[in-house]
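Geometric and topological summary
Now for the letters of each chain:
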Amino acid sequence: MGPYHPRVVGAAEILGVQLDLELLSIPVVAALIGYGTNWVAVRMLFFPLRFWGVRLDAVRWLAQFLPRRVQAVPGLIEGGIGWQGIIPARAAKMGSIAVDKGIAKLGSPREFYDCLDPQAMADHIIAEARGEIRELVERIVEREHPGLWRDVPPGLRERVFERVEAELPAIAAEITRDVGEHIDQLLDVKLMVIRRIEENPALANRIFLEVGSKELRFIVNSGLYFGFILGILTIPLYLAIDSWLVLPLAGVLVGYLTNWIALRLIFRPMYPRRVGPFTIQGLFMRRQPEVADVYAKVIADDVVTMANVSDELLTGPRSDRTRALVRDRLRPAVDRALGAARLPVRVAFGTREYESVRESLATEAINVTMAPLRDRSFGRRQSAAIRALLARRMRELSEPDFAELLRAAVEEDEWMLILLGGVLGFVAGCLQIAFVL
């Protein structure tokens, strides 16, 4: 065996190893850029719920001269420099989309109301309002004619109470039936949904986070894969062009394209398409049966609920119609409750005073008879039928209508997410220079 000669490592070999590490770092960093920019983009789609930043008069003045698309940046038109999640910032728009692209296509106000079971509603009103009706009668008559009511024999008063309570089942049935027959004139589902989501922006987030949970996860994770692939394609460009600008510009490309590609793959192709032995279709489109159940649960549990419907009927923009309808139904019920005592009571009170008491009873009994429908535990028991209706109808939606459920929410503002990816990619590319150069 010949003499041992220690191997001398040359500078060129060291530089070669270093160069290999530099080149290998490009796809790795590109993958991290893709993942990070997509993660940030998704977070900024939903958070923060409220505007975070500062507001300046100068910015508000300048914003009016900017392009309309730029004015859509959350808070900018009010002079804000900061951020608010795109979904909560567009609460009214999200509510409108939820109705126009989903709820309105899945059922009518009458169908939703029927699902809530008017007979069960009447039974619940009877069970909850019986005691309050007695107290209401005594309070109003004492208020209107305290001396006269005290002079009424206890037996007669008790008979009045008994007759009022006996009338309650018929009153409740008539009210729930009449509301159902006129529900299209009494309830504006779109305004109801918009108002709920504006009051609670987290609800808008919940709708899209739960319905599109897998798609949002895909957007984030795909940034890693697409970023790595684009990073490999960047290596020849880096070797061919001797400039430090290559990496930040490649970062822009990676951040931009990973967001753009991910958003496209969620919805496209819209219809199943055969490619050799494989069938490909947009990720969201493939999940229609699964999404139908999730969407139906969210809407039935938090949007089209018994409590929200009754609250809208009593306090919404058309509440005067509801109150007039219920009041008209209660007036003759007061007369029926008095029965044979009606004439002597009218004589004792006087016609004007009697009408005043009857009107007060009819008016104040509205809340007593309708308030039980705001019972959330009762509403949850009634929501199963709405959930089943929504899920069934949603499975039957055409592909374009189904895609609009999620697509319409971000389509107008997705340029912000894609641009954000490019900006963050540029920053990451600049940071990579410190490692590569």
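Residues numbered from 1 in each chain as written. Predicted model: local features only at pLDDT ≥ 70, side-chain atom pairs only at ≥ 80, totals over all residues. Heavy atoms only, no water.

1. Observations concerning the overall build of the protein chain
Heads up, the rule is: Numbering goes from the N terminus for both helices and strands, where a helix is a DSSP run of H or I of at least four residues and a strand is a run of E of at least two. Relative accessible area decides the class of each residue, using a 1.4 Å probe on protein chains only: under 20% of the type maximum gives buried, over 50% gives exposed, and in between gives partly exposed. For every accessible area listed, the method is Shrake-Rupley and the probe measures 1.4 Å; residues are considered covered only by the protein chains on display.
Helices and strands together make up the secondary structure of the protein chain, namely 23 helices and four strands. A burial count over the protein chain gives 48% of its 437 residues as buried. Accessible area for the protein chain stands at about 21900 Å²; split by element, carbon and sulfur atoms hold 61% of it.

2. Quick look at the nonpolar core
Applicable threshold: Here, nonpolar core refers to any group of buried Ala, Val, Leu, Ile, Met, Phe, Trp, Tyr and Cys residues whose side-chain atoms link them within 4.5 Å. Whether two residues are in contact is decided by their heavy atoms, any of which lying within 4.5 Å being enough.
In this structure, Ile-103, Val-193, Phe-284, Tyr-295 and Met-394 are the most contacted members of the largest nonpolar core, which totals 97 residues. With ten residues, helix α7 (residues 118-144) is the largest single contributor of residues to this core. When near neighbours in sequence (up to four residues on either side) are disregarded, Tyr-295 contacts Ala-98, Gly-102, Ile-103, Leu-106, Ile-207, Val-211, Met-394 and Leu-405. Grouped together as the second largest cluster of nonpolar side chains are seven residues, Ile-26, Ile-235, Val-246 and Leu-247 included.

3. Examining the packing of helix α16 (residues 288-302) against helix α21 (residues 376-395)
Quick note on the threshold: The axes used here are C-alpha line fits, helices contributing only the stretch in contact, and every angle between their N-to-C directions lies in the interval 0 to 180 degrees. For a crossing to be left-handed, the near helix must be turned anticlockwise from the far one by less than a right angle; the clockwise case is right-handed. Residue polarity follows a fixed list, in which Ala, Val, Leu, Ile, Met, Phe, Trp, Tyr, Cys and Pro are nonpolar, Asp, Glu, Lys and Arg are charged, and the others, Gly among them, are polar.
Contact pair α16 / α21: the axes reach a minimum separation of 8 Å and the direction vectors enclose 145°. Crossing geometry of α16 relative to α21 is assigned as right-handed. Residues Gln-288, Pro-289, Val-291, Ala-292, Asp-293, Tyr-295, Ala-296, Lys-297, Ile-299, Ala-300 and Asp-301 of α16 form the contact with α21, whose participating residues are Ser-383, Ile-386, Arg-387, Leu-390, Ala-391, Met-394 and Arg-395. Of the residues that constitute the contact of α16 with α21, the class distribution is eleven nonpolar, two polar and five charged.

4. Concerning a nonpolar patch on the surface
To keep things clear, this is the line we draw: A patch consists of residues whose relative accessible area exceeds 30% and which take part in no salt bridge; residues with like charges are grouped when within 9 Å of each other, and nonpolar side chains (Val, Leu, Ile, Met, Phe, Trp, Tyr) when within 5 Å. What makes a salt bridge here is a side-chain nitrogen of Lys or Arg within 4 Å of a carboxyl oxygen of Asp or Glu, nothing more.
A surface patch of nonpolar side chains, amounting to about 770 Å² of accessible area, comprises Val-28, Leu-32, Tyr-35, Trp-39, Leu-224, Tyr-225, Phe-228 and Ile-232. Taken together, the elements giving at least two residues each to the nonpolar patch come down to α1 (11-46) and α13 (213-240). Structurally, Leu-32 is set in helix α1. With relative accessibility at 55%, the residue Leu-32 sits in the exposed group.

5. Description of the pattern of salt bridges
For the structure shown, the criterion picks out 16 salt bridges. Among the ionic pairs, Lys-297 bridges to Asp-301, the shortest N-O distance being 3.0 Å. Separated by four residues within a single helix, Lys-297 and Asp-301 lie in helix α16, roughly one turn from each other. On the accessibility criterion, Asp-301 (26% relative accessible area) is partly exposed. Asp-301 is the partner of Arg-387 in a salt bridge, and the nearest nitrogen-oxygen pair spans 2.9 Å. Of this pair, Arg-387 sits in helix α21 while Asp-301 sits in helix α16, and the two are 86 residues apart along the sequence. On the basis of relative accessibility, which here comes to 28%, the residue Arg-387 falls in the partly exposed class.

6. As for the environment of Phe-267
On the secondary structure map, Phe-267 appears in helix α14 (residues 246-267). Under the relative-accessibility criterion, Phe-267 is labelled buried at 7%. Excluding residues within four positions of it along the chain, Phe-267 makes contact with Gly-282, Phe-284, Met-285, Ala-403, Leu-406 and Arg-407.

7. Re helix α11 (residues 189-199)
Taken together, the buried positions of α11 are Val-189, Met-192, Val-193, Ile-194, Arg-196 and Ile-197. Buried-residue contacts for α11 involve α5 (91-106), α6 (109-115), α12 (201-211) and α17 (306-315).

8. What about the confidence of the model for the protein chain?
For clarity, the cut-off: Each residue carries a pLDDT score, the predictor's confidence in it, ranging from 0 to 100.
Mean pLDDT over the protein chain: 77, with 85% of residues reaching 70 or higher. Within the protein chain, helix α19 (residues 342-349) has the poorest average pLDDT of any element, 59, and strand β1 (residues 52-55) the best, 87.

9. Comments concerning unusual backbone geometry
Omega for the bond connecting Phe-47 with Pro-48 falls within 30 degrees of zero, at 0°, which places this linkage in the cis form. Counting through the fold element by element, Pro-48 comes out in the loop between α1 and β1. One non-glycine residue, Asp-117, lies in the positive phi region at around 70°. Counting through the fold element by element, Asp-117 comes out in the loop between α6 and α7.

10. Here we look at the packing of aromatic side chains
Rule in force here: The rule is short: rings of Phe, Tyr and Trp, with Trp giving its six-membered ring, pair when the centres are within 6.5 Å, and they are stacked under 30 degrees, edge-to-face over 60, tilted in between. Two thresholds decide whether a charge sits over a ring: the Lys NZ or Arg CZ must be within 6 Å of the ring centre and within 35 degrees of the ring normal.
Under the counting rule described, the total for this entry stands at three aromatic pairs. Residues Trp-61 and Phe-65 carry aromatic rings whose centres are separated by 5.0 Å and whose planes lie at 70° to one another, so their mutual orientation is edge-to-face. Like Phe-65, Trp-61 is exposed. Pairing Phe-267 with Phe-284 gives two aromatic rings, centres 5.9 Å apart and planes at 65°, and the pair type is edge-to-face. Of the two residues, Phe-267 is situated in helix α14 and Phe-284 in helix α15 (residues 283-286); the sequence distance between them amounts to 17 residues. In this structure Phe-284 comes out as buried when scored by relative accessible area, which is 0%. One aromatic cluster is present, built from ring pairs that chain together Phe-267, Phe-284 and Phe-402. Across the ring face of Phe-51, the terminal group of Arg-55 is positioned such that the distance to the ring centre comes to 4.4 Å.

11. Section: the side chain of Asn-38
If you trace the backbone, Asn-38 turns up in helix α1. Not counting residues up to four positions away in its chain, the partners in contact with Asn-38 are Ile-219, Val-220, Ser-222, Gly-223, Thr-258, Asn-259 and Ala-262.

12. A short note on the side chain of Ser-383
The topology assignment puts Ser-383 in helix α21. Accessibility expressed as a relative area gives 5% for Ser-383, which makes it buried.

13. Topic: the environment of Val-220
Structurally, the position occupied by Val-220 is in helix α13. By relative accessible area, Val-220 is classed as buried at 9%. Apart from residues no more than four positions distant in its own chain, Val-220 is found in contact with Tyr-35, Asn-38, Trp-39 and Val-42.

14. Concerning the environment of Ile-433
If you trace the backbone, Ile-433 turns up in helix α23 (residues 414-436). Non-local contacts of Ile-433, meaning those with residues more than four positions away in its chain, are made with Trp-244, Leu-247 and Pro-248.

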